[in-house]
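# Results of the structural survey
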Amino acid sequence: MSLLDFLVLIGSMVGIAVYGAWRTRGRRDLSTYLKGDQTVGWVTIGISVMATQASAITFISTPGQGFQDGLGFVQNYFGLPFALILVAAVFLPMYRRLNVYTAYEFLGQRFDAKTRLLGAGLFLLQRGLAAGITIYAPAIILSTMLGWRLDLTIILSGMLVIIYTVMGGCEAVNLTQKYQMAVIFGGMVTALVILLVRLPASLTDALTVAGGFQKLHAVDFSLDVKQRYTFWSGLLGGLFLSLSYFGTDQSQVQRYISGASLRESRLGLMFNAVLKIPMQFAILLLGVLLFVFYQFEPAPLFFNQTAWHQAVAGDATHSAQALEQQFTALQAARQQHIQAWLAARHDGNVPAETSARAQALADGAHSDALRTEARSTMLATNPGLKGNDADYVFITFILDYLPHGLIGLLVAAFFAAALSSKAAELNALGSTTTIDFYRHLVRRDASDAHYVRMTKWFTFFWGLVAVGFALFCHLAENLIQAVNIVGSIFYGVVLALFLVAFFLRHVGGTAIFWAALAAQTLVFVLYFSLNISYLWFNFIGCAACVGFSLLLQAFMRNPPASNRVPT
Amino acid sequence: MNRPNPTTARLERHDDQTGLPALRTWPRVYLLVAASFLLWVILLRALTVLFA
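Residues numbered from 1 in each chain as written. Chains lettered and ligands numbered in written order. Predicted model: local features only at pLDDT ≥ 70, side-chain atom pairs only at ≥ 80, totals over all residues.

### A short note on the overall build of chain B
Secondary structure assignment for chain B yields two helices and zero strands. Relative to its full complement of 52 residues, chain B shows a buried share of 15%. (Helix = DSSP H or I, 4+ residues; strand = E, 2+ residues; numbered from the N terminus. Buried ≥ 20, exposed ≤ 12 C-beta atoms within 10 Å, placed from the backbone.)

Given below as structure tokens:
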């Protein structure tokens, strides 16, 4: 990166953070600090909800996903619009009517104090454990590619987000997310335009090549449960996951309850319901076009070049260099076959087109095999090698093909995404700790200024936990997966608490509390005894909790006394 | 029976209106969201088939 890139990066990131902190300085009213000044319009809410969900990994890894597997991943978002409709129609009106600061306060009003603490505790446990990942995951990729020190990247980006989130609270998060999304979209659109301009084929030819390599297989109606992405798994699984995330996760709830009115909050959610699928499609298409681009332009055997050079240096048998030579030769042959394929297609020569296409596809399969072999060679010299090489595809393109200044803009876009989702998480962790634990259990009748001060301290504390966790992430090889597993173990039960609260009005606090504990225990037991994908535990936890609560309530003599939410 | 608070009633009326031209009720907005989803599925399926 040049001086100009650094100026763009530091100028935009620090500029947005300082502006957010300055505009929202000195907020002492608890409601303003936790929910904003209640004048937020639907565009800001929509952008804020989008920015909270889209972390840096969305913009770094999703193009890599498109490069590797094509458009199929877009199906994962098919349940999201329907989940947002449910949140807008059922969850949101209740949160606003009860004027709650956190989603778990609603559980307290609908059930009782112990159920509220259980919901809030599960959120803190799950979100607190995941807190470091949103900083660590982009930092490891950017520091590897840019040659920065990983610890400094984590500490500096972590401290920046802590400062403005602590100073301005919810309002600062909403305000900065708006400008950070502008940087993100500006960067992504610029990258897409440059890619299209540099693409050595027309868009139709590019799509033909992508289709030939099965990269445009976007919708699959197959009922095969072994298929990773299908229309049905996306619709049902996506609905379930999105409902848990948007309806019960305080980092999202805090964004949309800050709207000026129910109408503004609803429109903000509908903004996401309409735009999320096209946005994910565009990012995946960028990855697919990168795949086509690297069919015509020289591509490295391994995109994580830092790791590759280390492997080559430590490879006494020179097998890595031999693989690289084979790959380069294969790449030249593949380019010729693709050119022949497209020329035959333009001439309407079907037999020649079929033959050239088959040769190009065979070359592609051979390239994939060489890449797999290269990874094995690297693992032999560096057993601690982590991460997917596809994560490095987009950043490699940016560094190799974008002019200086724009490289800074794109790196700023990745950092903006990391900071915007991190800020929302810290804001939610600080708010939940204060409202559901400190104000509820420690000091009930303090002034607003006191609670604002305590929320700032708790936000700062969670920020330090996140930075500390990110710094030690490398000690556990499968930590990212471990955090996802922890999330799946708890998410089902948390969603069930809210579903029962909304839809099973005869179930009371005691029944749901013990049902949740029993369901959580069952999930733990099954986790250690069943060998199934951890995603299933979302469904098992939710179904078990709902079922147990109905059973327990049926055996309870008295009607639930705590069912007192106005309808 | 309690009389509704005029301020609350005014706020509820405001919330019931979407403020969008041609989409005056929330069910219509939700229907539009579902229709846009359907349109995307059709377009993506067309892309899948067209370049298979």
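### Some thoughts on the overall build of chain A
Scanning chain A from terminus to terminus reveals 22 helices and zero strands. Radius of gyration (C-alpha) of chain A: 25 Å, near the 24 Å computed for a compact globule of 567 residues. Projected onto its principal axes, the C-alpha coordinates of chain A cover approximately 80 × 55 × 45 Å. Split into buried and exposed, the 567 residues of chain A put 52% on the buried side. In chain A, of all internal contacts separated by at least 6 residues, the share reaching a separation of at least 24 is 86%. (Rg over C-alpha atoms; globule rule 2.2 N^0.38 Å. Contact = placed C-beta atoms within 7 Å.)

### Considering the confidence of the model for chain A
Detailed reading of the predicted coordinates is not advisable wherever pLDDT is low. Here chain A shows a mean pLDDT of 86. Residues at 70 or above account for 94%. When the elements of chain A are averaged for pLDDT, helix α8 (residues 133-146) of chain A gives the smallest value, 77, and helix α13 (residues 262-296) of chain A the largest, 94. (pLDDT = per-residue confidence, 0-100.)

### Looking at the interface of chain B and chain A
Across the contact, 18 residues belong to chain B and 20 residues belong to chain A. When contributions to the side of chain B that touches chain A are tallied by element, the ones reaching two or more residues are α1 (6-16) and α2 (26-50) of chain B. In terms of residues, the side of chain B that touches chain A owes the most to one element, α2(B), which gives twelve residues. Its residues assigned to classes, the side of chain B that touches chain A comprises eleven nonpolar, five polar and two charged. (Nonpolar A, V, L, I, M, F, W, Y, C, P; charged D, E, K, R; others polar.)

### Describing the packing of helix α3 (residues 42-53) of chain A against helix α9 (residues 150-198) of chain A
Residue and element names in this part refer to chain A. Interhelical geometry of α3 versus α9 gives an angle of 75 degrees and a closest axis separation of 9 Å. On the basis of their axis angle, the class for α3 and α9 is roughly perpendicular. Contact residues: α3 offers Thr44, Ile47, Ser48, Met50 and Ala51, while α9 offers Asn174, Gln177, Lys178, Gln180 and Met181. In the contact of α3 with α9, the residues fall into four nonpolar, five polar and one charged. (Axes fitted to C-alpha atoms, helices over the stretch in contact; angles between N-to-C directions. Parallel < 35°, antiparallel > 145°, perpendicular 65-115°, else oblique.)

### So, α3(A)
The periodicity of an α-helix, 3.6 residues per turn, causes residues three or four positions apart to be oriented the same way. Residues and elements named next belong to chain A. Taking 1.5 Å as the rise per residue, α3 with twelve residues should run 16 Å; its terminal C-alpha atoms sit 17 Å apart, in good agreement. Of all twelve residues making up α3, eleven are buried, and the element is well covered by its neighbours. Of the positions making up α3, those classed as buried are Trp42, Thr44, Ile45, Gly46, Ile47, Ser48, Val49, Met50, Ala51, Thr52 and Gln53. Elements in contact with the buried residues of α3: α9, α12 (250-256), α13 and α18 (406-442). (Expected span 1.5 Å × (residues − 1).)

### Notes on the nonpolar core
Residues and elements named next belong to chain A. Counting 188 residues, the largest nonpolar core has Ala413, Phe414 and Ala496 as the members making the most contacts within it. Looking at which element gives the most residues to this core, the answer is α18, with 18 residues. If we skip the residues at most four places from it in the chain, Ala413 touches Phe59, Val183, Ile184, Gly187 and Met188. (Core = buried A, V, L, I, M, F, W, Y, C linked by C-beta atoms within 7 Å.)

### A word on the packing of helix α4 (residues 56-69) of chain A against α8(A)
Residues and elements named next belong to chain A. In the contact formed by α4 and α8, the axes pass within 9 Å of each other and the chain directions differ by 50 degrees. Here α4 is positioned oblique relative to α8, judged by the angle of their axes. Handedness of the crossing formed by α4 with α8: left-handed. Residue-level inspection shows Ala56, Ile57 and Ile60 of α4 in contact with α8, the latter providing Ala137, Pro138 and Ile141. Among the residues making up the contact of α4 with α8, the classes are represented as six nonpolar, no polar and no charged. (Left-handed = near helix turned anticlockwise from the far one by under 90°.)

### Things to note about the confidence of the model for chain B
Looking at chain B, the pLDDT average stands at 80 and 73% of residues meet or exceed 70. This complex was scored by the predictor with a pTM of 0.87 and an ipTM of 0.83.

### So, helix α6 (residues 103-110) of chain A
With seven of eight residues buried, α6(A) is to be regarded as a mostly interior element. Every buried residue of α6(A) is listed here: Ala103(A), Tyr104(A), Glu105(A), Phe106(A), Leu107(A), Gly108(A) and Arg110(A).

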